[in-house]
Structure formats: structure tokens, C-alpha cells
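Coordinate analysis (summary)
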Amino acid sequence: MTPILLNTGDMLMAAGLIVGCAALSLVLSLGIHRTLVVAAIRMAVQLVLTGSVLLFVFGRSSVWLTLLVLAFMFSAATFEVGSRQVARLTPAWHFGIGGFSTMTGTIIVVLVGLLTALQPHPWYQARTAIPMTGLLLGNVMNATSLSMNTLLSMVSRERAAIEARLILGATRAEAMNSLIRQSIRTALIPTLNQMAAAGVITLPGIMTGQILAGMDPFEASKYQIVLMSLIVSGNMIGATLSAVLTSARLSDARGRLRLDHLAR
Amino acid sequence: MRALGNAHAGPFEFDVPAGACLVITGMSGAGKSVLLRMMADLDPHQGDVALDGRFCSAMPAHRWRRQVVYLPAEPGWWSDSVLDHIPDDVLTRGLMAKAGLRAGVLNDPVHRLSTGERQRLALVRGLRLAPRALLMDEPCSALDEATTLMVEAMMREVMTGGTAIVLVSHDSAQAMRMADLRRELANGHFVGVDS
């Protein structure tokens, strides 16, 4: 198992590609060169920083340091999950529900993974726990934010339809049921696509990484299967929790639709 | 039926005896729909409404709304198929005939129906629940004279069965025909005297 290490030349090549893309944007007047360069620099800085921090944390094997890194990741996810949504709840509820759902979904599947399949020693070992959490957190965050976004934008549009059900004696759960299910389904579409494409159309990231790092492809595929199952489960939990909690927040105990709980 | 709503509009205090029709008139924005929505417990409010002596706050909201059915001026539809909202049975067919709706309406997509057809279908949908009280917001605004009279006949029939009706109407002729009681709303309050 000898990983292929990258040298300065390789990094320059990567930079060259970005510059090439920016040049193409100028030539075709796509107007994205500025954004592209900023995004590339931002990405490079973030990744190099992450690499260095992880190098440091892995060297210490301290539970507290690991927890600190995880807490930082969760806070960032909580912020990101609620961003980029047009219709939103009032801030405390918006980020509260988004963050809670993302964290719950992630923590459950991370624990399942660490305590059953991977079993590092000790189970909270930074070298396993942090990358695992990062991988799952990113996926669960996507699903949760898609689910919330779908529900929030549909509820305001479908107000008359929801109230038509309420008027005829439906409970709030019955009236919002179809919207909740639609939100969860929408949230899971990217994951389902990813699963369907896995191995045939794309070689999934974890498997690619393992193979490049020198693992036997068959073993790498088993890794990918377990991780993919964890991702789907985490996404399902996150998407379901956020849809149910958001719909609960948009109604009240008297079964009324409370669009006044949306942020203006 | 006795009502004590109170929020953006009101406070209101009035009784509608079983089988009677209270007509509420007033300019647009006077709070007529707000009042009906509060009575159906669709908007937060203070105060309480009672039906046959049983308070709204004392029962689950969905059970209340099944007995006190609110028919908004623009009914909502949760799918484009009429049959998703109303089953095709004897009860539906009977009510549709009384409302002057052709039977083919059941198989049409909702978006193809006229406003008047949708209004009457929503009435059929609501009456299927056999409500004890009907809160109607401009139920005939899109109907011609003859059809309006058919709908009024249906309203009288449910009133004979003991159902109380609160009717919001801009049509003074209709108000004259239907009203057992009349109230006028202005700026969220009743004005004038009972008739």
C-alpha cells in the first residue's frame, strides 16, 4: 500500500487548470472568471488548513481536541444548512431545526459506523472519526437543506390546498402529509442517483480514494458499500426530521397553518 | 351557535340559532373573512365559539372543523383531479344535481372547471360532511341568477335539517332572501342594530 504522493509540479498543474478555465470564461464572456478564481483560492486555503489541522489533531490523539474539531464542523454545517434558502423560518427556528436534524442524522450513522463496521481503537480515534463525520455530515447537510427548502417553498405556494384539507376536518399531519413526503423524496433524489450511478457511471469518491491509496479494488468496493448505506440512512434521518419539524413549526396545536412563522 | 371571536377584528358576540341564517355584509376589508376564519379556528384568536353548547377550545380542532365547515370565496384544491376531492357516489351525485352541476364535472381536471363550477363543487365537498354550521364566504359570487337560486335552495334545505349558516354576501338581494338575522361589519366591528 504505497499512496501516490503529489509534488509541487502537480499543484502547479492544478493551478494552471484553474487559470485556463478563467481564461476560457473571459474569451466566452461567461463572466464567471472572478468567482472561479476566488472559489479556487478559497478552496485551496480551506483544504490546506484542514490538512494541517488534521495532521496536528491526528498527532495528539486527544478526545477533547477531536470533539473540538467535530463541534466546529457541526457549527459550520448548522450555518450552511440554513443558508441559500429563499423561504425561511425565523432565524432561531430555521437554524435550530436545520442544525438539529443534520446533527442527529449524522451522529446516529457515525456511531453505527464506528461501533460496528470500522471499530477503530479507541472508537473515537481522530484518524477515523473526523473524516467519517466529515463525509457523512456533508451528505446529511445536503439532504436536510433540500428537504427544508422543498417544504418551505411548497407550503407558502400550497397554502390554499393545505387549508382546503384543514377546512374539511383533516389534522395538521394529514393536511401536510403529502408535502412532507414530497420533501423527503426530493431530498433523497441526489443520493439515489449517486447509488444508481455508483460503479457504472462514476467511480465513487471513497472507493477511488482507497484504490489510489493502494487498497485492493474489491476491498475498496466493500468500504464504499458500507459508507454509502450509512450516507443514505443519515440522509433519510436528516431529511425526515427536518421536514417533520418544519411542518410542525408551520402549524400549531389547533391544527392551523401558521405562515406567520415564516421570516418576512 | 354562539360566537365570541376576537383578534384583528372584533370583539364579536352573537348567537345564530340552529336552522337560522345570519347574513354579514360590509365593505371589502371590513373583516368578514377574518371573522369566518376565526369561527373555523383557522387563525389564532382570543375568545371562544360554541356549537350546541360545546366549546371549540374543548374539542380537537379537526373535529370542530368537520362540524363547522368554512367555505372560502376561493376554494382550495390539493390535486388537479376532482375525484381526489370528492368520491363519486349517490350522495355526491344528489348534491351535484341540486347545485345544477353536470355529472361530467367529476371527471374533469380542476383547472378546466369554471369559477362557478369550482364554487359549487366546494359546496358539495363541504356538505358531504353534514356540518352543523356552515360559514360561507361569497358562495354565489361567480354564479348566474338561476344557479344562485338553486344554491340558496340547497342552503334552505340544510337549514331545515338544523344547520346554522353564517353567510357573507355582497349581494343585497341575496341578503334579503336568506337572512333571518343581519349584521353589518365596518372596520372590524359590527355596526347598526339587529334586524
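Residues numbered from 1 in each chain as written. Chains lettered and ligands numbered in written order. Predicted model: local features only at pLDDT ≥ 70, side-chain atom pairs only at ≥ 80, totals over all residues. Heavy atoms only, no water.

Per an unreviewed UniProt entry, chain A is named Iron export ABC transporter permease subunit FetB, and its organism is Gluconacetobacter azotocaptans. Regarding chain A, the UniProt comment filed under Sequence similarities (unreviewed entry) reads as follows: "Belongs to the UPF0014 family." Taken verbatim from the UniProt record of chain A, the Subcellular location (unreviewed entry) comment is "Membrane". (UniProt positions renumbered as here; feature names shortened; annotations may be inferred.)

1. Quick word on the pairing of strand S7 (residues 133–137) of chain B
Residue and element names in this part refer to chain B. By the criterion of burial, S7 is predominantly enclosed, with five of the five residues buried. Side chains Ala133, Leu135 and Asp137 of S7 all project onto a buried face; the interleaved residues Leu134 and Met136 project onto the opposite face, where all are buried too. Examined bridge by bridge, strand S6 (residues 68–71) and S7 share four bridges and lie parallel to one another. From the neighbouring strand, leucine 71 faces S7, where its bridge partner is methionine 136. Bridge analysis of S7 against strand S8 (residues 164–168) gives five bridges, and the strand direction is parallel. Looking across to S8, one finds that leucine 135 is bridged to valine 166. Since S7 and S8 lie parallel, the crossover through helix H5 (residues 145–160) that links them has a hand, and here it is right-handed. (Buried < 20%, exposed > 50% of the residue type's maximum accessible area, 1.4 Å probe, protein only. Helix = DSSP H or I, 4+ residues; strand = E, 2+ residues; numbered from the N terminus. Pairing = 2+ DSSP bridges. Right-handed = clockwise from strand over helix to strand, strands pointing away.)

2. Details of unusual backbone geometry
Residues histidine 121 of chain A and proline 122 of chain A are joined by a peptide bond in cis, for which omega reads -15°. Of note, proline 122 of chain A is situated in the loop between helix H4 (91–118) and helix H5 (126–157). Of note, aspartate 41 of chain B is a non-glycine position whose phi angle comes to about 60°, a positive value. With respect to the element layout, aspartate 41 of chain B can be found in the loop between helix H1 (32–39) and strand S4 (49–51).

3. Some points on the interface of chain B and chain A
Each partner contributes to the interface: chain B provides 23 residues, whereas chain A provides 16 residues. Summing both sides of the interface, chain B and chain A together bury roughly 1,600 Å²; the carbon and sulfur share of this comes to 55%. Interface area lost by chain B to chain A is led by Leu42, Arg65 and Trp78 of chain B, which between them contribute 36%. At the junction of chain B with chain A, the criterion picks out three salt bridges. Residue aspartate 41 of chain B is joined to arginine 256 of chain A by a salt bridge in which the shortest nitrogen-to-oxygen separation is 2.5 Å. For the pair chain B and chain A, the interface holds nine residue pairs in polar contact (both at pLDDT 80 or more). Those elements giving two or more residues to the side of chain B that touches chain A turn out to be helix H2 (61–67), S6 and helix H4 (115–127) of chain B. Among the elements that take part in the side of chain B that touches chain A, H2 of chain B stands out by supplying four residues, more than any other. Classifying every residue of the side of chain B that touches chain A gives twelve nonpolar, five polar and six charged. (Contact = heavy atoms within 4.5 Å. Buried area = accessible area lost by both parts, 1.4 Å probe. Salt bridge = Lys/Arg side-chain N within 4 Å of Asp/Glu carboxyl O. Polar contact = N/O pair within 3.5 Å; in protein donor to acceptor, adjacent residues only side chain to side chain. Nonpolar A, V, L, I, M, F, W, Y, C, P; charged D, E, K, R; others polar.)

4. Some points on the layout of surface pockets
Empty space among the atoms can be located by rolling a probe the size of a water molecule over them. Residue and element names in this part refer to chain A. Put simply, the largest pocket is a space of about 960 Å³. What lines the largest pocket is a set of 27 residues, among which Gln46, Thr50, Phe72, Met73 and Ala76 lie closest to the centre. Mapped onto the lining of the largest pocket, the elements with two or more residues apiece are helix H2 (33–60), helix H3 (63–82) and H5. The class makeup of the residues in the lining of the largest pocket is 20 nonpolar, four polar and three charged. If you count residues domain by domain, the lining of the largest pocket takes at least three from each of domain 1 (8–60) and domain 2 (62–261). (1 Å grid on protein atoms, 1.4 Å probe; cavity = no way out; pocket = protein on both sides within 12 Å on 5 of 7 lines; lining within 4 Å. Points joined across faces, edges and corners; volume = space filled by probe spheres on them. Domains from an automatic or database assignment.)

5. Some remarks on the sheet that holds strand S9 (residues 181–186) of chain B
Residues and elements named next belong to chain B. Spatially, six strands are ordered S6-S7-S8-S3-S9-S10 in an open sheet, and the strand pairing comes out mixed. Of all strands in the sheet, those with a lone pairing partner are S6 and strand S10 (189–191), marking the two edges. The average angle at which neighbouring strand axes cross in this sheet is 25°, direction not considered. With four bridges joining them, strand S3 (residues 21–26) and S8 adopt parallel strand pairing. Bridged to isoleucine 24 within S8 is valine 168. Packing of H1 onto the sheet brings it into contact with S3, S6, S7, S8, S9 and S10, and relative to S7 it is tilted by some 155°. (Axes fitted to C-alpha atoms, helices over the stretch in contact; angles between N-to-C directions.)

6. Things to note about a nonpolar patch on the surface
Taken together, the side chains of Val63, Trp64, Leu67, Ile107, Leu111, Leu115, Trp123 and Tyr124 of chain A define a hydrophobic patch exposed on the protein surface, amounting to about 780 Å² of accessible area. For the nonpolar patch, the elements supplying multiple residues, two or more each, are H3 and H4 of chain A. (Patch = residues over 30% accessible without salt bridge, like charges linked within 9 Å, V, L, I, M, F, W, Y side chains within 5 Å. Areas by Shrake-Rupley, 256 points an atom, 1.4 Å probe, with all protein chains shown as cover.)

7. Quick word on the side chain of histidine 85 of chain B
All names here are of chain B. The residue histidine 85 is located in the loop between S6 and helix H3 (90–98) in this model. Among the residues examined, histidine 85 registers a relative accessible area of 8% and is labelled buried. Not counting chain neighbours up to four residues away, the residues in contact with histidine 85 comprise Trp77, Trp78, Ser79, Val110 and Arg125.

8. Observations concerning the UniProt feature "transmembrane region" (unreviewed entry) in chain A
All names here are of chain A. UniProt tags residues 12–32, 39–58, 64–83, 95–118, 130–152, 195–213 and 225–248 as "transmembrane region" (unreviewed entry). As annotated, residues 12–32 has a helix share of 76% and a strand share of 0%, and its two end C-alpha atoms lie 21 Å apart. Annotation note: span residues 95–118, helix share 100%, strand share 0%, distance between end C-alpha atoms 31 Å.

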